[in-house]
Amino acid sequence: MTRYGSFPGSRPRRLRTTPVMRRMVAETRLHPADLILPAFVREGIDAPVAIGSMPGVYQHTRDSLKKAAVEAAEAGVSGIMLFGVPLDEKKDAAGTVGTDPDGILQVALRDVRAEVGDDLLVMSDLCLDEFTDHGHCGVLDEQGRVDNDATLERYAEMAQVQADAGAHVVGPSGMMDGQIGVVRDALDQISREDVAVLAYSVKYASAFFGPFREAVASSLQGDRKTYQQDSANVRDAMRELALDLEEGADMVMVKPAGPYLDVLAKVAEASDVPVAAYQISGEYAMIEAAAERGWIDRDKAIVESLTGIKRAGASMILTYWATEVAQGLR
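Residues numbered from 1 in each chain as written. Predicted model: local features only at pLDDT ≥ 70, side-chain atom pairs only at ≥ 80, totals over all residues. Heavy atoms only, no water.

Engineer: Help me understand a nonpolar patch on the surface in this model?
Structural biologist: Residues Leu15, Met24 and Val25 make up a contiguous nonpolar surface patch of about 280 Å² in total accessible area. Mapped onto the fold, Leu15 is located in the segment before helix H1 (19–24). Judged by relative accessible area, which is 46%, Leu15 ranks as partly exposed. (Patch = residues over 30% accessible without salt bridge, like charges linked within 9 Å, V, L, I, M, F, W, Y side chains within 5 Å. Areas by Shrake-Rupley, 256 points an atom, 1.4 Å probe, with all protein chains shown as cover. Salt bridge = Lys/Arg side-chain N within 4 Å of Asp/Glu carboxyl O. Helix = DSSP H or I, 4+ residues; strand = E, 2+ residues; numbered from the N terminus. Buried < 20%, exposed > 50% of the residue type's maximum accessible area, 1.4 Å probe, protein only.)

And the structure:
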């Protein structure tokens, strides 16, 4: 063909010619240490229970949870975030089992910590929704509304029992105003300055939470729009971030991850502490469902979705594929 001067003078395709070339110039790299495995432990079962809307994810027994934790540690995953699923008859309006030292979550924390020690960060969801008979993240007032300040008192109790049970990190996820300051103070009061607080600073009221409700056997009545954030808003998210940092958050989180990469990028730019992002149940379920139908390449889609989250600014990613991906990266 006829050449016109030096056009094109720039040829970016030169850096895409081979897999080795592309790997060498990659600007974003996933590493096993970037990943945290969310895991569910259910009371009263003697074998893991498959979660129908999340293929490959289970409600664990105490024994299978310990095995999953060891497998994650051996793969190089940094942490495991535990969610407890109590017997339905143990749920009540105040979520009492959530602060019972012998409640399923506290028992599981002790189990996992005894199994892996400090080889894996043992993290604990700090919220009441799994333990209340109404399924909300706090206690209700006489009008059936979530009572912010009464809920904070419950969160303070939860923080202390979870720390006593062995949590390296607690993750207050209920989106109550002032929750980070109250949790930090509660931990310091029992001389647990060593326990870190991962703040769910940006948590949207999302349609993508659907499968999670099955995973925790949620008893939710209504919705959580009065305390989780509105998906249309960014300034609100940045205000929450500023408040959590002021209250002493050691790390902050954006949840969900994929639909909110723009928010994640803004949070990462503004935060002076590590930023996590949670690739939630609906994100997981969509990729698994599309792959099952042969519409996408499952493994490539998983890595691409996680790379996008890290590229947007996440220091660490909570994902149900954590162990699988970490094993593939080693």
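Engineer: What's the story with helix H3 (residues 104–116) in this structure? I'm lost.
Structural biologist: Each turn of an α-helix holds 3.6 residues, which means side chains three or four residues apart point in the same direction. An ideal rise of 1.5 Å per residue puts 18 Å on 13 residues; H3 measures up with 18 Å between its terminal C-alpha atoms. Of the surrounding secondary structure, the elements contacted by the buried residues of H3 are strand E1 (35–42), helix H2 (62–75), strand E4 (79–85), strand E5 (121–126) and helix H4 (148–165). Residue Gly117 follows H3 closely and has a positive phi angle near 60 degrees. (Expected span 1.5 Å × (residues − 1). Contact = heavy atoms within 4.5 Å.)

Engineer: Even after reading the chapter, I still don't get H4, so can you show me in this structure?
Structural biologist: Over its 18 residues, H4 extends 25 Å from the first C-alpha to the last, a length consistent with the 26 Å expected when each residue adds 1.5 Å. For H4, the complete set of buried residues consists of Asn148, Thr151, Leu152, Arg154, Tyr155, Ala156, Met158, Ala159, Val161, Gln162, Ala163 and Ala165. Looking at the packing, one finds that the buried side of H4 touches H3, E5, strand E6 (169–172) and helix H5 (179–189). Between the side-chain oxygen of the N-cap and the backbone nitrogen of Asp149 there are 3.3 Å, and the N-cap of H4 in question is Asp147. Once H4 finishes, Gly166 follows within two positions and takes phi at roughly 120 degrees, a positive value. (Polar contact = N/O pair within 3.5 Å; in protein donor to acceptor, adjacent residues only side chain to side chain.)

Engineer: Sorry, what's going on with the pairing of strand E8 (residues 251–255) here?
Structural biologist: Within a regular strand, the side chains alternate between the two sheet faces. Counting buried positions along E8 yields five of five residues, so the element is predominantly enclosed. Bridging between strand E7 (residues 196–203) and E8 involves four bridges; their strand directions are parallel. The residue of E8 that forms the bridge with Leu198 is Met251. When E8 meets strand E9 (residues 275–278), the two strands line up parallel, connected through three bridges. Within E9, the position partnered with Met253 by the bridge is Ala276. (Pairing = 2+ DSSP bridges.)

Engineer: How do you make sense of the packing of H4 against H5 when you look at a structure like this?
Structural biologist: When two helices pack together, their arrangement is given by the angle between their axes and by how far apart the axes lie. Here H4 crosses H5 at 45 degrees, and the two axes come no closer than 8 Å. As far as their axial angle goes, H5 and H4 are oblique. Considering the relative orientation of H4 and H5, their crossing is right-handed. Contacts between H4 and H5 involve Leu152, Tyr155, Ala156, Ala159, Gln160 and Ala163 on the former and, on the latter, Gln179, Val182, Val183, Ala186, Leu187 and Gln189. Here the residues of the contact of H4 with H5 are counted per class, giving nine nonpolar, three polar and no charged. (Axes fitted to C-alpha atoms, helices over the stretch in contact; angles between N-to-C directions. Parallel < 35°, antiparallel > 145°, perpendicular 65-115°, else oblique. Left-handed = near helix turned anticlockwise from the far one by under 90°. Nonpolar A, V, L, I, M, F, W, Y, C, P; charged D, E, K, R; others polar.)

Engineer: Honestly, the environment of Ile190 in this entry has me stumped. Any pointers?
Structural biologist: Note that Ile190 resides in the loop between H5 and E7. Residue Ile190 is classed as partly exposed on the basis of its relative accessible area, which comes to 29%. Residues Ile190 and Glu269, spaced 79 residues apart in sequence, show a C-alpha to C-alpha distance of 34 Å. Contact partners of Ile190, with chain neighbours within four places excluded, come to Gln160, Ala163 and Asp164.

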